[in-house]
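One letter stands for each residue in the lines below.
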Amino acid sequence: MDLDSLKSELECHGQSQLLQYWETLDNDSKEKLYKELKHLEYSNINEYFKQAMADLEHASDKIDNLLEPLPAEVCGSMTRSSPEELKEYNRLGLEEVGNNRVAVLLLAGGQGTRLGVPYPKGRYNVGLPSQKTLYQLQAERLLKLERLATQQTGKPCTIPWYIMTSEHTKQATDDYFQQNNYFGLQKENIVLFEQGLLPCIGFNGKIILANTHKVALAPDGNGGLYRALRKWKVLEDMEKRGVTNIHVYCVDNILVKMADPVFIGFCRTKKAECGAKVVEKTVATEAVGVVCKVEGRYQVVEYSEITLKTAELRRDNGQLTFNAGNICNHFYTLDFLKHVSQVEQENQLKHHVAKKKIPFVGDNQEIVKPTEPNGIKMEKFVFDVFHFAESFAVWEVLREDDFAPLKNADTAAKDTPTTCREALLNLHHRYMLGAGAKFVHGDGSSLPDIPCRKGENDDHFTKCEVSPLVSYAGEGLEELLSGKKLVPPVQIVMGPSDSAPTIIQNITANGTTK
């Protein structure tokens with residue numbers, strides 16, 4: 001260890017406090033701290049802090065006068081497209097998948113802290129009848145989509161699954177997939193890599209020590225994707241596989257359609273290098289960012305960046321003017337990802353700043369947990385690359401079909417395990433009805449098509465679950481269900497190696513049928 005060199009570097013950048021406990025450490029702790037400190041880029045960190053504090057000063061500034069609505073020519077909609085158009089988008093998308101030109105990239109660096117669990121959010125089980133986790137649902141959707149694409153093209157295909165984890169979630173994620181035999185997918189097609197970390201910094205510009213021999217670090221946000229792609233050579237791997245289209249999404253959306261062929265087909269039709277799937281924002285005060293243009297460039301504008309007056313602007317048809325609600329569900333071409341992941345472009349992405357209560361080591365070497373914010377965490381957002389796009393596409397979908405995020409424990413009002421579970425079961429209930437099934441009581445009397453609310457009569461009939469291995473998005477169920485009378489709860493199950501699905505009806509709480 002060249003301690004003198006490190007001391008000199010820290011002094012030069014005003015961070016000498018990081019060695020204040022050096023003499024109290026044993027050799028092992030000294031080695032760990034030395035290695036961590038030698039890897040930090042102090043010039044960049046100090047510059048990030050300087051810019052972050054300037055941004056905080058202007059956090060309340062509004063950008064209303066800079067906003068422009070999305071041009072009609074880049075927009076499309078699931079509900080306003082004809083059946084023929086949707087069929088063609090789906091065909092084009094499946095063609096891309098079937099020719100091994102599509103990959104999915106999952107942002108999964110977050111822990112289940114707000115859910116109250118000590119493991120990655122992708123391993124969370126929201127209480128479906130099948131007890132499947134988010135990761136299992138997603139893996140099975142990919143497997144089904146590969147099979148659908150093979151049916152169309154007549155040749156085998158794979159959809160590589162790139163999963164960006166964090167220091168806290170990588171090993172647990174890797175172990176989980178191994179323990180479950182990758183849910184029927186091939187091990188070599190699941191690629192895990194890590195997002196970076198940034199030091200937490202006090203309001204005085206000093207990097208915070210979490211304890212005597214470790215810096216307080218936090219993930220650099222889902223926008224850390226672009227640096228991670230470069231560091232772990234992920235784009236080179238995609239290129240070797242022949243991938244040209246990438247679908248990027250967040251782990252916590254239980255309804256996500258990975259590599260959605262309709263979305264991909266639409267983006268390819270628009271010749272877009274970058275695209276966003278959105279849901280309509282109908283309430284002006286909803287705390288969701290919107291996709292729009294700012295000074296001629298595409299951008300996601302957070303609800304806090306505009307006034308209520310602008311948020312409430314409406315078009316002649318009554319829709320909000322700025323209504324393209326961002327759901328962190330994006331399309332990129334490989335060439336676009338290569339461009340925005342270059343150092344010059346990636347360095348242009350600003351850090352978003354959050355004041356936080358950051359535990360630190362006190363003068364008596366005990367850990368102090370502050371009751372008020374004492375510093376900042378900095379992160380980049382994945383959608384901040386939109387402003388680099390010359391050709392852009394926005395695809396609007398129905399919220400109840402495509403978006404139900406898992407953010408909070410069931411003690412919260414929304415985005416909970418319960419709301420996610422109900423969203424998926426209600427979607428599958430509609431799939432079954434659309435395929436021609438009828439729901440009846442055990443005595444054969446009809447149940448209404450519209451589910452009852454909780455506490456009203458027979459609400460259990462909404463508990464209808466379709467394995468993703470049976471149907472990716474409601475397709476292919478007619479032959480199985482048309483004219484069939486079903487006594488709920490109902491599961492349509494299928495294993496990765498099964499040749500046909502099985503319908504299980506009238507399931508009791510312990511999983512048996514009556």
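Worth saying up front: this structure is predicted, and the values here are computed from it rather than measured.

(A) Spotlight on the overall build of the protein chain. When helices and strands are tallied, the protein chain shows 15 helices and 25 strands. Taken over C-alpha atoms, the radius of gyration comes to 25 Å for the protein chain, in line with the 24 Å a tight globule of 514 residues would show. Considering only C-alpha atoms, the protein chain reaches an extent of 80 × 55 × 50 Å along its principal axes. Accessible surface for the protein chain amounts to roughly 24000 Å². Of this, 48% is attributable to carbon and sulfur atoms. One way to put it: in the protein chain the 60 positive side-chain charges average out to a point 2 Å from where the 69 negative ones average out.

(B) Geometry of the nonpolar core. Counting residues in hydrophobic clusters, the biggest one holds 76 residues, and the most contacted among them are Y135, W161, I163, I254 and M432. For this core, the element with the highest residue contribution is helix α5 (residues 134-153), accounting for 9 residues. Two domains each provide a minimum of three residues to this core, namely domain 2 (61-401) and domain 3 (425-505). Sequence-distant contacts of I254, that is, excluding residues within four places in its chain, are made with V126, L134, L137, R141, A404, C420 and L424. Of all hydrophobic cores here, the second largest spans 42 residues; its members include A103, Y226, L334 and F392.

(C) View of the packing of helix α4 (residues 83-98) against helix α9 (residues 261-269). Contact geometry of α4 with α9 gives a least axis separation of 7 Å together with a crossing angle of 95 degrees. By the angle between their axes, α4 is roughly perpendicular relative to α9. Here L86, Y89, N90, L92, G93, L94 and E96 of α4 lie close against α9, whose contacting residues are P261, V262, I264, G265, F266, R268 and T269.

(D) Local environment of the sheet that holds strand β22 (residues 464-466). Overall, mixed pairing links the 3 strands, which are arranged β22-β24-β25 in an open sheet. Edge strands, defined here as strands with exactly one partner in the open sheet, are β22 and β25 (502-505). Between one strand axis and the next, the sheet turns by 10 degrees as a mean value, whatever way the strands run. Where strand β24 (residues 490-493) meets β25, 4 bridges bridge the pair, whose relative direction is antiparallel. Among the inter-strand pairings, I492 is bridged to a residue of β25, identified as I503.

Rules behind the numbers
Residues numbered from 1 in each chain as written. Predicted model: local features only at pLDDT ≥ 70, side-chain atom pairs only at ≥ 80, totals over all residues. Heavy atoms only, no water. Helix = DSSP H or I, 4+ residues; strand = E, 2+ residues; numbered from the N terminus. Rg over C-alpha atoms; globule rule 2.2 N^0.38 Å. Areas by Shrake-Rupley, 256 points an atom, 1.4 Å probe, with all protein chains shown as cover. Lys, Arg positive; Asp, Glu negative; His and termini not counted. Charge placed at Lys NZ, Arg CZ, Asp CG, Glu CD. Core = buried A, V, L, I, M, F, W, Y, C linked by side-chain atoms within 4.5 Å. Buried < 20%, exposed > 50% of the residue type's maximum accessible area, 1.4 Å probe, protein only. Domains from an automatic or database assignment. Contact = heavy atoms within 4.5 Å. Axes fitted to C-alpha atoms, helices over the stretch in contact; angles between N-to-C directions. Parallel < 35°, antiparallel > 145°, perpendicular 65-115°, else oblique. Pairing = 2+ DSSP bridges.

So far we have only geometry, and geometry alone does not tell us how the molecule works.
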